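Summary of structural features
As a plain string of letters, each chain reads:
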Amino acid sequence: MNLPKLFIERIEHQLGQHNLPLFVAAMNQKPIHAIRIHKAFSPLFQSLSLKQVPWHESGFYIDDAVINGQHPYHHAGAFYFQEASAMAVVPMLDIQPNDLVLDIAAAPGSKYTDIASRLGPQGFLIANDIDARRAQTLMFNIERLGLSQAIVTQHDPHHLPTLFPHFFDKILVDAPCSGEGMFRKDPAAVSAWSVEHVQTCATRQAYLLEDAVKLLKPGGRIVYSTCTFAPEENELLIRKFLETHPAFRLINHHLHHQFDAKTTQGVGVKLWPHLIRGEGHYVVVLQHQGAPSKPIKFTHRMKNPMPPAWIRFAEETLSNQDFQPNFALDERLFQIPISYQYHSALHTLRAGVYVGDIEKNIFYPSHHLAHNLRIQDVKQNLNLTLDDSRLNRYLQGEEILADIEKGWILISVDGLPLGWGKASQGRIKNHYPKALRLLNTRK
Ligand code: SAM
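Below, the structure is looked at part by part. (Residues numbered from 1 in each chain as written. Predicted model: local features only at pLDDT ≥ 70, side-chain atom pairs only at ≥ 80, totals over all residues. Heavy atoms only, no water.)

What follows covers the site of the ligand. If you check the shell around the ligand, you find 17 residues, and the closest are Ala105, Ser110, Asp129, Arg134 and Asp174. For the ligand, an oxygen atom lies 3.4 Å from a polar atom in the backbone of Pro108. Separating an oxygen atom of the ligand from a side-chain N or O atom of Asp129 is a distance of 2.6 Å. For the ligand, the protein covers 84% of the area, taking 600 Å² as the surface of the free molecule. In terms of residue class, the shell around the ligand is made up of 9 nonpolar, 2 polar and 6 charged. (Near = heavy atom within 4 Å. Polar contact = N/O pair within 3.5 Å; in protein donor to acceptor, adjacent residues only side chain to side chain. Areas by Shrake-Rupley, 256 points an atom, 1.4 Å probe, with all protein chains shown as cover. Nonpolar A, V, L, I, M, F, W, Y, C, P; charged D, E, K, R; others polar.)

Here is the structure:
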């Protein structure tokens, strides 16, 4: 790999002459691939005997030739591709089930989806991103993983403190950065690199941290991370932050001992590709010293009468009647988290589970609902195995056959929901979303 000379000099300054060749050799290796398992560990993963990422209970290294985004388990939301080093960040937030959490720069959602799976129903989680297109990708990921703790907003973080002053227990600032740690994966980051770019990023990161301070409750925690080695964007920035914010102190998380604190002089830790199996990353835990305020107890505020179209669908389709929408926006039904408080000034792209739409008094279930349910929640399920030819045909959007008379069917692979089908005398009309369908190579 052709690394900029100035970049190499700066790395040598951090690592010393002796370690530089190890770093350069690691940068010339292939990037490391990993996944975070989201749904029950399934036979495929066992048969592959994957090696665990040492700092994440659900993280596993993969050979990208064996599992890719086309795999039916990926369509089912069984796993999420996440860079192994990036998996170190969310455990350091120490999420508690009832926490109020903000992911300030969340798209495409690899850390957000990890936070969401650690929260309980009383928890509150906003995933914000400034970029509309990236926020859409985040929503696709939320649907695929069937997450219900999904409040997606699109704001310049600078607007958020007036809406949520000192509100959150935990804030993740996974900052946009110069991306030095991603050079092996993304050659474009190498050509875009310059010291000026590092400086621009550092200025933006300082503003982001100031916004986070205004959003954090007394006694709350900010985890700040980047995928770069540049000291200006990492330990130097945080050192300055600590000097100007005496209410904060550094926390030494128990995961820190797996990483390097020498090159940061103890201000956070760096993940170097020649020392661990992963790409480059930096992470630091900033704990506010104030006394924590009393937790907020949320209650359901919205009690819309259930639309008859939903009641009919639920009676015909669901065996578990506990699941109910609790919010209607025109003809769209949602199950929003009980903690969600409506804010007219908040540009909300998604709140909770988008359950489906009512058209001409008929309810049509959404893809998000399919992934939020379990197969035991429905009356009719067609569970396919990996070697069933109907599986690929379903994912390609084709009609398939099954011994089912009529009604909505939840199609699944090895027990993991994939999407909906609608039966009519043994023919299953395909309701797998067009945008997600596999390409049919036989056509
Ligand atoms: N946390 C994400 C994840 O784990 O998938 C990755 C976040 S990425 C490192 C940084 C994000 O910051 C990008 O999605 C980008 O759109 C967003 N961003 C860019 N400029 C920003 C700004 N000025 N304020 C806030 N976010 C910004």
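This is not the end of the story, as more comes after the structure.
Let us look at the pairing of strand β5 (residues 124-128). Most of β5 is tucked away, with 5 of its 5 residues classed as buried. Going residue by residue along β5, you find Phe124, Ile126 and Asn128 tucked away on one face and Leu125 and Ala127 tucked away on the opposite face as well. Both strand β4 (residues 100-103) and β5 contribute to a ladder of 4 bridges, which runs parallel. Within the sheet, the bridge partner assigned to Val101 lies in β5 and is Leu125. Considered for its hand, the β-α-β crossover made up of β4, helix α5 (residues 110-116) and β5 is right-handed. Bridge count for β5 against strand β6 (residues 151-153) is 3 bridges, and the pairing is parallel. Paired with Ala127 across the bridge in β6 is Val152. For the segment spanning β5, helix α6 (residues 132-145) and β6, crossover handedness is right-handed. (Buried < 20%, exposed > 50% of the residue type's maximum accessible area, 1.4 Å probe, protein only. Helix = DSSP H or I, 4+ residues; strand = E, 2+ residues; numbered from the N terminus. Pairing = 2+ DSSP bridges. Right-handed = clockwise from strand over helix to strand, strands pointing away.)

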